[in-house]
Amino acid sequence: MKSIRYNTIYLVAANSLQVGLGLVLSIYLARFFEEKEIFGKYQQLFIIINFLVSFSSGIPMGLSYFFGTYLDYTSRIQIYKRFWWSMFFLSLVLGGVIFLFNPILADFFQNNYFSEYSILFSGLLTLKIINSYYLQYYLTRGKLQFYFVVIVIEFILSIILIASIYQFNLQIKEILIGLILISLTKLIVFGSKSLLVFKIKGPIILTKKELDYILPMIAISMASLLTLYTDKFMISSILNPKSFAEYQVGAFSIPFIGIITGSVVTALIPALAKLKSEGNISEIKTQLRNATKKTSLFLVPILIYCILLGPHLITALYTENYKNSGYIFQLYTASYLLTVIAFSAVMNAIGLQKWVLLNTILNLTLNVILNLILIPKYGNFGAVYATLASTYLGYFLPIYLLKKQISVNFLEYFPFRFYSKILLLSTALALIILYLMNHYNLYKWFAFIAAVPFYFIILIIAADKSILDKNQVINRIKKIGGK
């Protein structure tokens, strides 16, 4: 396999392109379809697609795990065949189930597109699930550069589709056909460089050992996904596609959150697991505290800026038609303020994996109950209130377990003074920008222009030099690795 640095560069580039593409397409269609109901119905189709593609991710993740576990060449090669066919069969099953239950979905979501475009919808879902296999395939084969090239091709084809929507006034049916053709092109190009999965001799069914690893991952993934999508599903069921369109635009997860927290989690798990096995609790506190400081420095300014200037940012992208979405965005973003602490990473690293699943299930249950109570009374904002409440209440169990398991109090790993410093600086500077925009009636795009100097000013003023010092970071990593 290629180096971690090599893989990271292409992964970040490919993921950034895909996230950017999804955002561009969403913004364009929200502007193109002036009726919120049409845009809301379209978005509901992709809520189901994204949910089931994420649900299927346990199989390709298992491929990556067993590629590292199996040491002999034959075993490593044979898993490509078993995992590809498993992904293929799962895509057919899920596509078929969705096709059969389209009338139920149409009724649940109050959306005739599920039944009217059932074949196109099911076909697009099937193709997207199969294509999700190839990231781990090309990662383990050391061919992420080729994977990135395919993502670039997808990006170009999607831009052509967007131009065609404008030029020929395409409607939902033509847009779905266009997306199917793009996904089919991806599959053909991916498949042209992965014929290995058909040539290998051996069984096409996963072994018991592989299933024992994958099924719990799918269970955890399902619980996490249901927690993530509960508000969206319930908005669709209790309200209507128009309300969903407003909520979906506002309930926008800032890409930087996943990038920053994902990087921290990737680095923390092996380091903390090693420290736990050595019984070095004091160093666990130090590493967790340092990681939280880094995450706070890079993430909190973004969150505060979006909370205070949310309506300006959303209406600049989606027009005044989605002004309410801007207020939803403000509140929804506030639910991320404590994601600077990688609770799940720490719990996984110190052997509390079952508690992670239990906490996720508890959060899901609480979220459902709160949504049922608050949505009928407060509409879209009820779903946001439910998300905020369940998110912050969900932190109590991890805090308690860390104290009980490794005798670490919250303030020992949460840098309260540093966090407060970042929070206050970000708030003060963002309020100045907000005042200038409102007082001088500046064009809304100024909120995006001002975001760049705002961010770097906060980094320069608030940064603890040890956080950004390259030599100190390297020394800490060497210390953890015992070098």
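Residues numbered from 1 in each chain as written. Predicted model: local features only at pLDDT ≥ 70, side-chain atom pairs only at ≥ 80, totals over all residues. Heavy atoms only, no water.

- By the naming in an unreviewed UniProt entry, the protein chain is MviN-like protein, taken from Maribacter dokdonensis.
- The Function (unreviewed entry) field of the UniProt record for the protein chain holds the comment "Involved in peptidoglycan biosynthesis. Transports lipid-linked peptidoglycan precursors from the inner to the outer leaflet of the cytoplasmic membrane."
- Under the UniProt heading Sequence similarities (unreviewed entry), the entry covering the protein chain gives this text: "Belongs to the MurJ/MviN family." (UniProt positions renumbered as here; feature names shortened; annotations may be inferred.)

Some details on the overall build of the protein chain
1) Next: Within the protein chain, the regular secondary structure consists of 25 helices and zero strands.
2) Next: The C-alpha atoms of the protein chain give a radius of gyration of 23 Å, which matches the 23 Å a tight globule of 483 residues would have.
3) Next: Projected onto its principal axes, the C-alpha coordinates of the protein chain cover approximately 65 × 55 × 40 Å.
4) Next: By the burial criterion, 50% of the 483 residues in the protein chain qualify as buried.
5) Next: Surface accessibility of the protein chain: about 23000 Å² in total, with carbon and sulfur atoms responsible for 67%.
6) Next: Measuring between centres, the 40 positive side-chain charges of the protein chain sit 11 Å from its 18 negative side-chain charges. (Helix = DSSP H or I, 4+ residues; strand = E, 2+ residues; numbered from the N terminus. Rg over C-alpha atoms; globule rule 2.2 N^0.38 Å. Buried < 20%, exposed > 50% of the residue type's maximum accessible area, 1.4 Å probe, protein only. Areas by Shrake-Rupley, 256 points an atom, 1.4 Å probe, with all protein chains shown as cover. Lys, Arg positive; Asp, Glu negative; His and termini not counted. Charge placed at Lys NZ, Arg CZ, Asp CG, Glu CD.)

Notes on the nonpolar core
1) Next: By size, the foremost hydrophobic cluster in this structure holds 148 residues, and its most contacted members are L29, I48, Y80, F83, Y133, Y134 and Y305.
2) Next: Tallying contributions element by element places helix α15 (residues 281-318) first for this core, with 16 residues.
3) Next: Excluding anything up to four places from it in sequence, Y134 contacts W84, Y147, L187, F190, G191 and S194. (Core = buried A, V, L, I, M, F, W, Y, C linked by side-chain atoms within 4.5 Å. Contact = heavy atoms within 4.5 Å.)

Considering helix α3 (residues 58-69)
1) Next: Here α3 contains twelve residues, and its C-alpha end-to-end distance of 16 Å stays within 8% of the 16 Å for a straight helix at 1.5 Å per residue.
2) Next: Taken together, the buried positions of α3 are occupied by G58, I59, P60, G62, L63, F66 and F67.
3) Next: Buried-residue contacts for α3 involve α2 (36-55), α4 (73-100), α8 (134-140) and α12 (208-238). (Expected span 1.5 Å × (residues − 1).)

Some words on the packing of helix α13 (residues 241-250) against helix α16 (residues 323-334)
1) Next: Two elements in contact, α13 and α16, have axes separated by 7 Å at closest approach and are oriented at 45 degrees. The angle between α13 and α16 falls in the class oblique. The two elements α13 and α16 meet at a crossing, and its hand is right-handed. Residues E246, Y247, V249 and G250 of α13 touch α16, and the partners they reach there are N324, S325, I328, F329 and Y332.
2) Next: Taken together, the residues that form the contact of α13 with α16 break down as five nonpolar, three polar and one charged. (Axes fitted to C-alpha atoms, helices over the stretch in contact; angles between N-to-C directions. Parallel < 35°, antiparallel > 145°, perpendicular 65-115°, else oblique. Left-handed = near helix turned anticlockwise from the far one by under 90°. Nonpolar A, V, L, I, M, F, W, Y, C, P; charged D, E, K, R; others polar.)

Describing the packing of aromatic side chains
1) Next: The final tally for this structure, using the stated rule, is 45 aromatic pairs.
2) Next: Residues Y332 and Y336 carry aromatic rings whose centres are separated by 6.1 Å and whose planes lie at 70 degrees to one another, so their mutual orientation is edge-to-face.
3) Next: Overall, the relative accessible area of 4% leaves Y332 in the buried class.
4) Next: Residue class for Y336 comes out buried when judged on its relative accessible area of 14%.
5) Next: Feature note: the residues F67, Y80, Y133, Y134, Y137, Y138, F146, Y147 and F190 constitute an aromatic cluster, connected by ring pairs.
6) Next: Cation over ring: R76 sits above F67, and NZ or CZ is 4.3 Å from the ring centre.
7) Next: A cation over an aromatic ring shows up here: K293 above the ring of F418, its NZ or CZ 5.1 Å from the ring centre. (Phe/Tyr/Trp six-rings, centres within 6.5 Å; stacked < 30°, edge-to-face > 60°. Lys NZ or Arg CZ within 6 Å of the ring centre and 35° of its normal.)

Some words on the confidence of the model for the protein chain
1) Next: The predicted model of the protein chain has a mean per-residue pLDDT of 87, with 92% of residues at 70 or higher.
2) Next: Here residues 476-483 is modelled with pLDDT under 50, and outside its nearest four sequence neighbours on either side it reaches ten contacts, counting other chains as well. (pLDDT = per-residue confidence, 0-100.)

Here's the deal with the pattern of salt bridges
1) Next: Taken as a whole and assessed by the stated rule, the structure comprises eight salt bridges.
2) Next: K186 is the partner of E154 in a salt bridge, and the nearest nitrogen-oxygen pair spans 3.5 Å. With E154 in helix α9 (residues 144-168) and K186 in helix α10 (residues 172-192), this pair connects stretches of sequence that are 32 residues apart. In this pair, the class of E154 matches that of K186, namely buried. (Salt bridge = Lys/Arg side-chain N within 4 Å of Asp/Glu carboxyl O.)

Structural notes on the side chain of K41
1) Next: Relative to the elements of secondary structure, K41 occurs in helix α2.
2) Next: Using a relative accessible area of 11% as the deciding quantity, one classes K41 as buried.
3) Next: Not counting the four nearest positions on each side in its chain, K41 is found in contact with Q110, N111, N112, Y113 and P241.

Considerations on the environment of L436
1) Next: Among the structural elements, L436 can be located in helix α22 (residues 416-439).
2) Next: For the pair formed by L436 and G310, sequence separation is 126 residues and the distance between their alpha carbons is 15 Å.

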